[in-house]
Amino acid sequence: MSSVGIGQPPRNHRQRLVKAVWTGIWLVYLSAPVSDLVHGGHSTGVVVLGWIGLVVFVAWYGVLVFRTGRGEATPLVLGSLVVLAAQSGLLALSLGREWLVLFVYVSIASGAVLPLRMSRWAIPAVSALLTAIALAVPGGKAYLAGLLIPAFLGGFAMTGVRELVRTTIALREARATVAQLAANEERLRLARDLHDLLGHSLSLITLKSELAGRMLPGQPEKAAQQVADIEQVSRQALVDVREAVTGYRRPRLSGELAGAQVALTAAGVTADLPTEPDLAGVVGAAGVAEETESALAWALREAITNVVRHSGARRCAVELVRRQTLDGPVLELVVEDDGSGGSGDGPGNGLTGLTERLEKAGGTLEAGRVRRGFRLVARVPAEAPADAGGHPVGSGA
């Protein structure tokens, strides 16, 4: 419903087209007034005036529903509803009971454009006016039962739809605000950490530089020692900064699984994800290197992004297992959905970059269509490769 834009003005060509089609579908119920004009036996003048009245009503109703924002009770909106109700009563009293159906549109318009506090009174008022006009029109009582319920329930149903759309919009805006606040907080935290890391080092470098400058004319050897200390401090500061930045950029499987749950749920996809104890049993107990876990986390992020953006899937299952192969133990991440897998004849930039990332970690990537959807399998060694001395690479030994 949110893509149709009920209760809000369209913002682009696609929304205008969809909303026009959605609004136009319900005009099929105007077949009774049209049939009355064609086969009702009215004089030519009455038929012309009837067509003019019907066209004006439809145009006014369409503009009111199509352009109105989130339930603003402006004088123009209220006046338009009064005019529509008056026009409906005049046409029904003048041309007959077939024109009573116009009150259904007035009731629906009231639910679509008025605030809830006003629509809860406007819809019963329109229904009451419909009843009064139907009792005054010859044969209108027979039409009353078939029109009163659609007018009453249709108006309140439109109110519910509009409130649902407003809630969805508010949630999206709140989500964007939370994301912005989280990004700002992350930047502040990074700034604080960098300040803590570099504040002492830069102060020490400044002091030793001043000291070396004073020692240089008369004590060059001591000045050289100060310069060596400056080099050591600066190198350590560089290492600290790299570790801090790397820590911020390196994803973790636990965090990516949590993000995957949120993304899939928001996209309406049923998620079957490993639980935290399962993850600890596969990754934690295995002593997996940070680079290995990071590679799998990137693979999970890319796979979930593809599922949400391109697949059109309704279900997505994620499995993380440890397997023993001829080349040694490997960790295997499997992401499978029941969608189309997106479009295109070859892998996209995301999968290409993911393949390169996994290859750097000594892993492989398999992705392609299966019988019931799309399947991505990422494999990485469960143990870090050893160097010539038998120590794991990057272990610091």
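The structure displayed is predicted, hence computed values, not measured ones. (Residues numbered from 1 in each chain as written. Predicted model: local features only at pLDDT ≥ 70, side-chain atom pairs only at ≥ 80, totals over all residues. Heavy atoms only, no water.)

> Got a minute to help me understand helix H5 (residues 102–113) in this structure?
Turn by turn, an α-helix covers 3.6 residues, leaving residues three or four places apart pointing in a common direction. Compared with an ideal rise of 1.5 Å per residue, which puts twelve residues at 16 Å, H5 spans 17 Å between its outermost C-alpha atoms and is within 8% of the ideal. Where burial is concerned, most of H5 is hidden: twelve out of the twelve residues are buried. Taken together, the buried positions of H5 are occupied by Leu-102, Phe-103, Val-104, Tyr-105, Val-106, Ser-107, Ile-108, Ala-109, Ser-110, Gly-111, Ala-112 and Val-113. (Helix = DSSP H or I, 4+ residues; strand = E, 2+ residues; numbered from the N terminus. Expected span 1.5 Å × (residues − 1). Buried < 20%, exposed > 50% of the residue type's maximum accessible area, 1.4 Å probe, protein only.)

> Help me out: how do you make sense of the UniProt feature "transmembrane region" (unreviewed entry) in the chain in this one?
Summarizing the sequence annotation, UniProt attributes the feature "transmembrane region" (unreviewed entry) to residues 20–39, 45–66, 73–93, 99–116, 121–137 and 143–165 in the numbering used throughout. Span residues 121–137 is 94% helix and 0% strand, its end C-alpha atoms 25 Å apart. The span residues 143–165 is 100% helical and 0% strand by assignment, and the distance between its end C-alpha atoms comes to 33 Å. (UniProt positions renumbered as here; feature names shortened; annotations may be inferred.)

> Where do I start with a nonpolar patch on the surface in this structure?
Together, Val-48, Leu-49, Ile-52, Val-56, Trp-60 and Val-83 give the surface a local cluster of nonpolar side chains, amounting to about 500 Å² of exposed area. Take the nonpolar patch: its biggest share by element is five residues, from helix H3 (residues 44–67). Positionally, Val-48 belongs in helix H3. Note on Val-48: relative accessible area 44%, which makes it partly exposed. (Patch = residues over 30% accessible without salt bridge, like charges linked within 9 Å, V, L, I, M, F, W, Y side chains within 5 Å. Areas by Shrake-Rupley, 256 points an atom, 1.4 Å probe, with all protein chains shown as cover. Salt bridge = Lys/Arg side-chain N within 4 Å of Asp/Glu carboxyl O.)

> Explain the pattern of salt bridges to me, please; I cannot follow it from the model alone.
Under the criterion given, the structure shown has seven salt bridges. Arg-235 is the partner of Glu-231 in a salt bridge, and the nearest nitrogen-oxygen pair spans 3.1 Å. Remark: Arg-235 and Glu-231 occur in helix H8 (residues 220–249); sequence separation between them is four residues, near one turn of the helix. Here Glu-366 and Arg-379 are joined by a salt bridge, their closest N and O atoms 2.9 Å apart.

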